[in-house]
Amino acid sequence: MECCRRATPGTLLLFLAFLLLSSRTARSEEDRDGLWDAWGPWSECSRTCGGGASYSLRRCLSSKSCEGRNIRYRTCSNVDCPPEAGDFRAQQCSAHNDVKHHGQFYEWLPVSNDPDNPCSLKCQAKGTTLVVELAPKVLDGTRCYTESLDMCISGLCQIVGCDHQLGSTVKEDNCGVCNGDGSTCRLVRGQYKSQLSATKSDDTVVAIPYGSRHIRLVLKGPDHLYLETKTLQGAKGENSLSSTGTFLVDNSSVDFQKFPDKEILRMAGPLTADFIVKIRNSGSADSTVQFIFYQPIIHRWRETDFFPCSATCGGGYQLTSAECYDLRSNRVVADQYCHYYPENIKPKPKLQECNLDPCPASDGYKQIMPYDLYHPLPRWEATPWTACSSSCGGGIQSRAVSCVEEDIQGHVTSVEEWKCMYTPKMPIAQPCNIFDCPKWLAQEWSPCTVTCGQGLRYRVVLCIDHRGMHTGGCSPKTKPHIKEECIVPTPCYKPKEKLPVEAKLPWFKQAQELEEGAAVSEEPSFIPEAWSACTVTCGVGTQVRIVRCQVLLSFSQSVADLPVDECEGPKPASQRACYAGPCSGEIPEFNPDETDGLFGGLQDFDELYDWEYEGFTKCSESCGGGVQEAVVSCLNKQTREPAEENLCVTSRRPPQLLKSCNLDPCPARSSIDSAWNACKVLC
């Protein structure tokens, strides 16, 4: 293979030109820096606190001018000043208090945030509108603006980042962390509305904890805001906020503005105490307070050191854990404090091997391989889930979860939980049977049992499960009623004897079946069967039925009979009297006392028969509007058979009832109308 190639004349010229250009560039940079002497020492800081400026100088060694600057600056004394030190710009203004201005002494106050020339010393005479520029530039290190770290140096405003470096654009996040991501605090926003009360003169709007920032509250209404404070040392204070101004409350600056219809409270923070904002009711009208601030997350997870090794030799493991740390008190607290903040994510434990040296032969152990081959890691082990605490509607089932370790021989033993914390712990509880419980479902009401006056109406009520199927399990105590009174607004009239043309549906018989029906449920209850036929064909007899104590077995969906004493509540009657009408068409002498044992005194003879409307007569007209009259009959209430009218109480006979019918107009006499002819008679 050819290792070298002869250069062409063109290639050689290009290479020489490149070397010449590189040589000139390097020499020019060297000459430029060589024209300056070394930088001198840094000067004393312009301030002792609050952020000042220091400078360093260098000399130009050339007879001609040197490129670049002969001075450089840096920030210094970047520590907070004590509260009593005051504002640096205000100190410079007050230095002119003993110098006459136009022959007069003034007390000068600073004029800050001048948009045109923020680095000139402008001051205002106290109690006047006089504003004077007392110096063309402020001392180095003076803040350009009150809410900024930018500082004036040699009369020019220089950008300063939160890292206190000149020219830096790094800023604090809303939590006050330089170049932070906002994860160390949380935004709190809300609204409070006062309630007029004769017995309550004040109320708490919001509690703002220590370290909070960017607080703003706006009250709209006639009420008044005031502050209560509590320092970390337990000292309490109060500020009534009686007038507009800027106050220092427990070393925190408070800006308060009072207007006729509202109040505005601002605190830049960070607060040096816990602030409780309260409202004093004026009693004239309600007020609303809107508030917003950034609350520090004072409880944070902190990773611990590695726990002791699980073995002294032969290979073991060790883990880290996480503990909840209170940033205010600098102590470890219960984990629940860190769980309060959703932003807090507990770090996962770390696992590492340890003590991998073989155990000494004197210990009776053979040389073992690294633990991850023959010494399995501890693991979580769980017991089976318990039965669900509820059969429906959502319950809880639990289990025990423990950390276990298996040795080389396969023996499993329980160990401390921290050994398993390298993996998430299995849940010890979970929801179960979250489907809805069976519910009573009521059908529509039947028509009223009467056509006028007061009667009854009935409905079917079913127990429906979450699949929509008719089942048991509904509580009898919550079952909707199946019978209620109803009133038909139609007036009742005295009837005339006319033949019925319409038959009324036997609602009473249906209602009786609905009322006596009972569904078997998971609670033991009495379930009656249907009544037997009356023991006589006329006169007074008896009816019997079987009443069982039964329960629905949910797991097999079958019905089981229980002893009577397992069912609560009164047992329904298993025998009752019945009346099948008079014998041989005559009215017997009936003694209600004879049936007290059967009826239980619940009804007497008169209640076996009653008047009822059974339909209407034929319409009096076939068209053009007619009248129908209700037919009243005496009926046996049990058999629904017609009876002699003398068996019903005459005074209970309902009044006559009329209704209109055939309201359609009658058809024309002829399909083609023609003129009437002359009348056949004259008179």
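Residues numbered from 1 in each chain as written. Predicted model: local features only at pLDDT ≥ 70, side-chain atom pairs only at ≥ 80, totals over all residues. Heavy atoms only, no water.

**Q** Let's hear about the sheet that holds strand β22 (residues 331–333): which residues, and what values?
**A** Strand order in the open sheet formed by three strands is β19-β21-β22, and the pairing between neighbours is antiparallel. Each of the sheet's edge strands pairs with one partner strand only, and the pair in question is β19 (299–303) and β22. When the angles between neighbouring strand axes are averaged without regard to direction, this sheet yields 50°. Relative to β22, strand β21 (residues 322–326) runs antiparallel, the two sharing three bridges. Paired with Tyr325 across the bridge in β22 is Val332. (Pairing = 2+ DSSP bridges. Helix = DSSP H or I, 4+ residues; strand = E, 2+ residues; numbered from the N terminus. Axes fitted to C-alpha atoms, helices over the stretch in contact; angles between N-to-C directions.)

**Q** Could you give an account of the pairing of strand β12 (residues 224–230), with specific residues and numbers?
**A** In terms of residue burial, β12 counts as a mostly covered element, since five of its seven residues are buried. When β12 meets strand β13 (residues 236–239), the two strands line up antiparallel, connected through four bridges. The residue bridging Lys230 from the neighbouring strand is Lys236, located in β13. (Buried < 20%, exposed > 50% of the residue type's maximum accessible area, 1.4 Å probe, protein only.)

**Q** Talk me through the packing of aromatic side chains; I want residue IDs and the actual numbers.
**A** Two measures describe an aromatic ring pair: the distance that separates the ring centres and the angle between the ring planes. Taken as a whole, this structure holds one aromatic pair when the rule is applied. Where Tyr106 meets Trp108, the ring centres are 5.3 Å apart and the plane angle is 55°; that geometry is what we call tilted. No difference in accessibility class separates Tyr106 from Trp108, as the two residues are buried. Between the NZ or CZ atom of Arg58 and the centre of the ring of Trp36, over which it lies, the distance is 4.2 Å. (Phe/Tyr/Trp six-rings, centres within 6.5 Å; stacked < 30°, edge-to-face > 60°. Lys NZ or Arg CZ within 6 Å of the ring centre and 35° of its normal.)

**Q** Describe the state of the cysteines, and please don't skip the residues or the numbers.
**A** According to the stated counting rule, one finds 20 disulfides in the structure shown. What pairs with Cys45 in a disulfide is Cys76, and their sulfur atoms sit 2.0 Å apart. Negative torsions about the S-S bond denote left-handed disulfides, and the value of about 90° found for Cys45 with Cys76 makes this one right-handed. One end of the pair, Cys45, is in the loop between α1 (9–34) and β1 (52–57); the other, Cys76, is in strand β2 (residues 71–76), and 31 residues separate them in sequence. (Disulfide = S-S within 2.5 Å.)

**Q** Can you lay out the pattern of salt bridges for me, pointing to particular residues and giving the numbers?
**A** In total, this model carries 15 salt bridges according to the counting rule given. Salt-bridge contacts for Glu228 lead to Lys278; the nearest nitrogen and oxygen are separated by 3.5 Å. Here Lys278 lies in strand β17 (residues 274–280) and Glu228 lies in strand β12, a separation of 50 residues in the sequence. A residue is classified by how much of its surface remains accessible, and Glu228, at 22% relative accessible area, is partly exposed. (Salt bridge = Lys/Arg side-chain N within 4 Å of Asp/Glu carboxyl O.)

**Q** Help me get a handle on the nonpolar core, residues and values and all.
**A** Formed by 24 residues in total, the largest nonpolar core has its most connected members in Val205, Ile208, Leu217 and Phe275. Leaving out residues up to four positions away in the same chain, Val205 has contacts with Tyr192, Leu225, Val277, Lys278, Ile279, Val289 and Phe291. (Core = buried A, V, L, I, M, F, W, Y, C linked by side-chain atoms within 4.5 Å. Contact = heavy atoms within 4.5 Å.)

**Q** Tell me about the confidence of the model for the chain, and name the residues and values.
**A** Note: predicted coordinates in regions of low pLDDT should not be interpreted at a detailed level. The predicted model of the chain averages 78 in pLDDT, with 81% of residues at 70 or higher. Ranking the elements of the chain by mean pLDDT puts helix α6 (residues 596–599) last with 40 and strand β4 (residues 121–125) first with 92. Taken together, the stretch residues 22–31 has pLDDT below 50 and engages in zero contacts with residues farther than four places along the chain or on a different chain. Counting contacts from residues 363–374, a segment whose pLDDT is below 50, to residues more than four positions away or on other chains yields 14 contacts. (pLDDT = per-residue confidence, 0-100.)

**Q** Before we move on, can you summarise unusual backbone geometry with the specific residues and values?
**A** Look at the link from Gly269 to Pro270: it is a cis peptide, with omega at 0°. Within the secondary structure layout, Pro270 lies in the loop between β16 (262–267) and β17. A positive phi is found at His102, a non-glycine position, where the angle reads about 55°. Tracing the backbone shows His102 in the loop between α2 (88–94) and β3 (108–110). One non-glycine residue, Asn179, lies in the positive phi region at around 55°. Along the polypeptide, Asn179 turns up in the loop between β8 (156–158) and β9 (185–193).

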